[in-house]
Structure formats: structure tokens, C-alpha cells
Amino acid sequence: MMPIGPLMIEHRLIERMIALMKRELQQAEKEKQVNARFVEAATHFIKAYADRCHHGKEEDILFRELKKKDISKEHNKIVDELVQEHKWGRETTAKLMDANMRYDKGDEEALSEIAHCIRLLIDFYPKHIEKEDKHFFLPVMEYFSEEEKEAMLREGYEFDSTLIHQEYADMVSVWEEGIKGN
Ligand SMILES: [Fe+2]
Ligand SMILES: [Fe+2]
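Not measured: the values here are computed from a predicted model.

Q: So what exactly am I meant to see when it comes to unusual backbone geometry here?
A: For residues other than glycine, phi is negative in most cases, and the peptide bonds are mostly trans. One non-glycine residue, Lys 32, lies in the positive phi region at around 55 degrees. Along the chain, the position of Lys 32 falls in the loop between helix H1 (4-31) and helix H2 (36-67). By relative accessible area, Lys 32 is classed as exposed at 59%.

Printed below as a string of C-alpha cells:
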């Protein structure tokens, strides 16, 4: 399998979460309330899976290796755009998490901010994914030898296996910090 194989498989799971978010938005618009538990799960998914795990592999492995190659102006421009888009996605998700926390504590005003951020994210992700799947991933594979592709695929698996331990170590640290603060 090429290193873009796992990335494309991950895109399919992100799309399934986006479909759930679309449903939640429609529901929220109809009922003028939101399921804060779902929004909490959705933002955790985007932060941990779509950003840290998925964008992490794109930026830290694929884009890093591309930067070592003499890539076309067009591909270089797309890498820069994708990095900017990841940054925007991260910031918008943080805003959504913040609004959801306020809403969960009883701030009804936060509902419109939640709806706004969900609307932005469900519009953003399909376009971002399409850009990578249809206009970027396959053409940039041409820059790499079979050995280089194999090495990137292997590094991706290592990245994932390290991440799960990092994720839970961070969770313990956050709760330890909370205890210290009390
Ligand atoms: Fe991406
Ligand atoms: Fe992606």
C-alpha cells in the first residue's frame, strides 16, 4: 500500500463524522437546542483523530518529505494551502469546543456560535478532503521511489502507535494538573 492509502481511509471516517455533525446541526436549528454530549464527542474526534492523528501524519511525514524534493510550484502552493487549512480547522474546532463548554454551563447564547462553527466545519472538511484525494495525493506520489513510499508508510504506522500512548499520557497529565490546582 502507498503511504496515502491509510490517509484516504482516514478521510472516509472523517466524512462519516461530518455527516453526523450535519444531522446535529439540522436538529439544533429545528429544536433550538444542541446535544452538548455529541458536540463534545465530535470536537474530541476532530482534535484527536482528524487533526493530531490524520493531519499529523500529513504534515510530519508526507509534507516534510515533499519539502525535501524539487516539487512543482503548483504542488508547493497546495502544501502551503493545506497547512493553512489545517491551522484554520484547529482554530475553528477550538472555538466550537469553547462555545460548547459555555453552552453546557447554561449559556444559551453560545448556541448560535456552536451552529456557526459546525456550519463552517461541515463546509470545510469535504472541500479539504477533495483537494487532497482528487488533486494532490496521487500526483505527488510520483516524486518518491518505491523505497521512499514504503518508508513513509512504515513511519505512519509508528506515528499511530506512538500517538495512542501520548494521547492517554496527556489525559493523565491534564487531570493531575487539575488536582494540583484544587
Ligand atoms: Fe489535510
Ligand atoms: Fe487529509
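From this point, the narrative continues.
Q: What is the right way to look at the coordination of the iron ion (ligand 1) in this model?
A: Each pair of donors in an ideal four-coordinate tetrahedral metal site encloses 109.5 degrees, whereas pairs in an ideal six-coordinate octahedral site enclose 90 or 180 degrees. On the protein side, the iron ion (ligand 1) has Glu 58 (OE), His 86 (NE2), His 128 (NE2) and Glu 132 (OE) as donor atoms, found 2.0 to 2.2 Å from it. Taken together, the 4 donor atoms surrounding the iron ion (ligand 1) define angles of 86 to 175 degrees at the centre, an arrangement classified as irregular. Along the chain, the residues that donate to the iron ion (ligand 1) are spaced as E-x27-H-x41-H-x3-E. Between the iron ion (ligand 1) and the iron ion (ligand 2), both coordinated by Glu 58, there is a metal-metal distance of 3.2 Å. With His 86 in helix H3 (residues 73-104) and Glu 132 in helix H4 (residues 110-135), this pair connects stretches of sequence that are 46 residues apart. Glu 132 carries the same exposure label as His 86, and that label is buried.

Procedures and definitions
Every chain's residues receive numbers from 1 upward, in the order its sequence appears when written. Key to labels: chains lettered from A, ligands numbered from 1, both in the order written. The predicted nature of this model means local features are confined to residues of pLDDT at least 70 and side-chain atom pairs, given and counted, to a pLDDT of 80 or more, with totals for whole chains, interfaces and linings taken over all residues. Excluding hydrogens and water, the side-chain figures rest on all heavy atoms present in the structure. Numbering goes from the N terminus for both helices and strands, where a helix is a DSSP run of H or I of at least four residues and a strand is a run of E of at least two. Exposure is judged per residue with a 1.4 Å probe applied to protein chains only, and the accessible area is read against the type maximum: over 50% gives exposed, under 20% gives buried, and values in between give partly exposed. The rule for donors is simple: an N, O or S atom within 2.8 Å of the metal counts, and for Na, K and Ca the reach is 3.2 Å. Water is not among the atoms, so a site may look short of donors. Between 85 and 135 degrees for all angles marks four donors as tetrahedral; over 155 degrees for opposite donors together with 65 to 115 for all other angles marks four donors as square planar and six as octahedral; every other arrangement is irregular.

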